[in-house]
Amino acid sequence: MEDPELDKDAARAGQPDPDATQLVDPDATVLAEVEPTTSVDPDATALADPGATQPADPDATQLAEPPAPADSGDAAADEMPTIVVPHAVSAGQEGPDGIDAMDDPYAPINDADFTRVTTYAPVAIDSPVTSDGKHRGRVRPWAVVLVVVALLAAAAFVVKYTYENEYWGGKTVPDVVGKTETEARSTLSPLGFSITVNEVLSDDNVGKVISMDPAAGTRTGDDLSVTITVAVARTIPSVVGLSQSDAKTALLNEGAKNITIAYKNSSEAEGTVLAVSPGEGEAFVSSDQITLTVAQPFKVPDVVGLSLTDAEQTLQDAGLTYSVSYSDEKGDENVVLSTSPEAGTQVSEGSTVTLYVPAPKLSDAYHIAEYFDIEPADLDAYLAKQGYSVSSTGVFSSGDAYAVYTNGTVTITITDSPESADAAGAGTGTSALAGGKPVGGVRLQASASTVASDAGIGSSGLTTVMDACGLSNLVSSCTADSVQTSRSIDKKELSFICGYGQQGDYVWSVLLGSLNGSATNAIVTIAPKSHYDGLDLSEYGNDLASYIAITNYYGK
């Protein structure tokens, strides 16, 4: 019976180790390859025994025959040479290495007891798998530690460097508080931040960033979003047409703290907001006064204590008309003393309210220089109060008033040519003064005794009339005998004295005369200096007094 294990070992004995070193005894005779009697498996292992019937493995290692002893006549030695194979060694000898430390697969088999026979001492063979100590460098533990530490330090440096330079781990939010929104965007956007703008009403720092979230200096995570809060100005909301209550609420919501209410006559529903000041859309700060003008039924406004001009404007704004009446009560000139109806009285739209003011402060109707110091309408009212009525009126091309007032004894003419009493568009009706047309010049004509009881034709009479009319600063005078003119006139029945002077910005004249033996009359005039500028006085001896006298008696 065949032993499978022995056959297997035998097969292995004839198979070379491709990585093992073939040891050859230089004196050994190499066994010739025996032609197999059977078909050869190219992958089978060839047995070293030439008598074997097993097919040879062409890739198997062929062991060389050891040389036969020189003096031996033993034929068996030639047939069965001793083969040197690696095997375990005795104690004290160098042991095998690597796979060669395994049981020797190449040892011959003793057919008697089926044991391997090692004829020669085994030789240690270097293994290609594991080298002995003389070929292996020993790695020191401390070197490994140093390498690990170096790698960790390098990694830490890279992590720290990339973090500090914000290649990862978010970014540090820059400080944009105090910048405009545009400036804040130009700072944040290039860094990759997304920006949300929150607006808040403010009295200060309008248009500037007043806070931010996250706060400046914060290192963000992956979420690069920043909310900036920008201060915006408070503006007056749309309140016209709202009720007083709703309008006030809207203003309070906008931050207004000082709201006042003014009432105005209106056909709108009572309490409706007609206007707001400052106007809608205008900027304001919380401490500014905001005035709501609210509709009320038509009532007489309180204008007592206002100037006549302001009171008239207030009544017009209230949808009412007015008239002026002069009172004997004392008070400031042109300041309203009272009204009729009284303030607060409910009236219909367009009703007339009478304004009572103190009489104008004119010395009397003869002080014609004072006519330029009061309003034309006040002058008209004063003359009316003094008993004068308008007989003729009109308006000059200059826009000045023309009006003739008379009380039956004295005639006062408002005219641009007082020296000749020229008229302009004469008509009847309400005086042009009452309509506000200005005074261009004044001419007063009356008997000399009416103006001054002892006013005769002479120097003393001239002075008396000047005093009665409040005139001063006589420049020159002339009489019928000294008058200068190149004009042909008949002086036979003419007697007069004429003088002129300058008072402030005005030129005045006084003429006392009698024609053909009639009663002595007084003619007093005054006009701005500009009225006589450029006047050709060459035919009057360059004397203004002569020009005024001749013009009054003989015309221009």
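Below or above, wherever it landed, is the structure these notes cover. Because the structure is a prediction, the values reported are computed rather than measured. (Residues numbered from 1 in each chain as written. Predicted model: local features only at pLDDT ≥ 70, side-chain atom pairs only at ≥ 80, totals over all residues. Heavy atoms only, no water.)

### Things to note about the state of the cysteines
Throughout the structure, instances matching the rule amount to zero disulfides. In this model Cys498 remains outside any disulfide bridge; the closest cysteine sulfur is found in Cys478, 5.2 Å from its own. (Disulfide = S-S within 2.5 Å.)

### Regarding the sheet that holds strand E10 (residues 338-340)
Within the open sheet, the three strands sit side by side as E9-E11-E10. Their pairing is mixed. Edge positions in the open sheet fall to strand E9 (321-327) and E10, since each of these has one partner strand only. Along the sheet, successive strands turn relative to each other by an average axial angle of 25 degrees, direction set aside. In this sheet, strand E11 (residues 352-358) lies alongside E9 in parallel orientation, the contact comprising seven bridges. Within E11, the residue paired with Tyr326 across the bridge is Val357. (Pairing = 2+ DSSP bridges. Helix = DSSP H or I, 4+ residues; strand = E, 2+ residues; numbered from the N terminus. Axes fitted to C-alpha atoms, helices over the stretch in contact; angles between N-to-C directions.)

### Side note on the pattern of salt bridges
Taken as a whole and judged by the stated rule, the model has two salt bridges. Close ionic contact of Glu181 with Arg185 constitutes a salt bridge, the shortest N to O distance being 3.3 Å. Of this pair, Glu181 and Arg185 both sit in helix H4 (residues 181-188), four residues apart, which is roughly one turn of that helix. Under the relative-accessibility criterion, Arg185 is labelled partly exposed at 34%. A salt bridge links Arg234 to Asp203, with the shortest nitrogen-to-oxygen separation between them at 2.7 Å. Of this pair, Arg234 sits in strand E4 (residues 234-235) while Asp203 sits in the loop between strand E1 (194-201) and strand E2 (209-213), placing them 31 residues apart in sequence. Overall, Arg234 belongs to the buried group, its relative accessible area being 13%. Residue classification places Asp203 among the partly exposed residues on the basis of a relative accessible area of 27%. (Salt bridge = Lys/Arg side-chain N within 4 Å of Asp/Glu carboxyl O. Buried < 20%, exposed > 50% of the residue type's maximum accessible area, 1.4 Å probe, protein only.)

### Quick look at helix H7 (residues 376-385)
Every α-helix winds through 3.6 residues per turn, so residues three or four apart in the chain are directed the same way. Most of H7 is tucked away, with seven of its 10 residues classed as buried. Among all positions in H7, only Pro376, Asp378, Leu379, Asp380, Ala381, Tyr382 and Leu383 are buried. Considering only its buried residues, H7 is in contact with helix H6 (308-317), E9, strand E12 (389-395), strand E13 (401-406) and strand E14 (411-414). In the segment just after H7, Gly387 is the residue with positive phi, at about 95 degrees. (Contact = heavy atoms within 4.5 Å.)

### Overview of the sheet that holds strand E8 (residues 289-296)
The mixed open sheet is built from three strands, whose spatial order is E5-E8-E6. The sheet is open, and its two edges are formed by strand E5 (258-265) and strand E6 (273-277), each paired on a single side. Neighbour-to-neighbour, the strand axes of the sheet open up by a mean angle of 20 degrees, direction not taken into account. Two elements, E6 and E8, share four bridges in a ladder whose sense is antiparallel. When the sheet's bridge partners are listed, Ser277 is paired in E8 with Thr291.

### Looking at the nonpolar core
One finds Tyr371, Leu379, Leu383, Ile412, Ile414, Val442 and Val510 to be the most contacted residues of the largest nonpolar core, which totals 40 residues. Contributions of two or more residues to this core are made by H7, E13, E14, strand E15 (442-447), helix H8 (448-451), helix H9 (459-468), strand E18 (506-515) and strand E19 (521-528). Leu379 has contacts with Leu362, Tyr371, Ile374, Ile414, Leu433 and Val439, leaving out every residue within four places of it along the chain. (Core = buried A, V, L, I, M, F, W, Y, C linked by side-chain atoms within 4.5 Å.)

### Points about H6
Buried residues of H6: Leu308, Ala311, Glu312 and Leu315, and no others. All buried residues of H6 fall inside an arc of 100 degrees around its axis, so they share one side. Contact partners of the buried residues in H6: E9, E11 and H7. (Arc of directions from axis to C-beta.)

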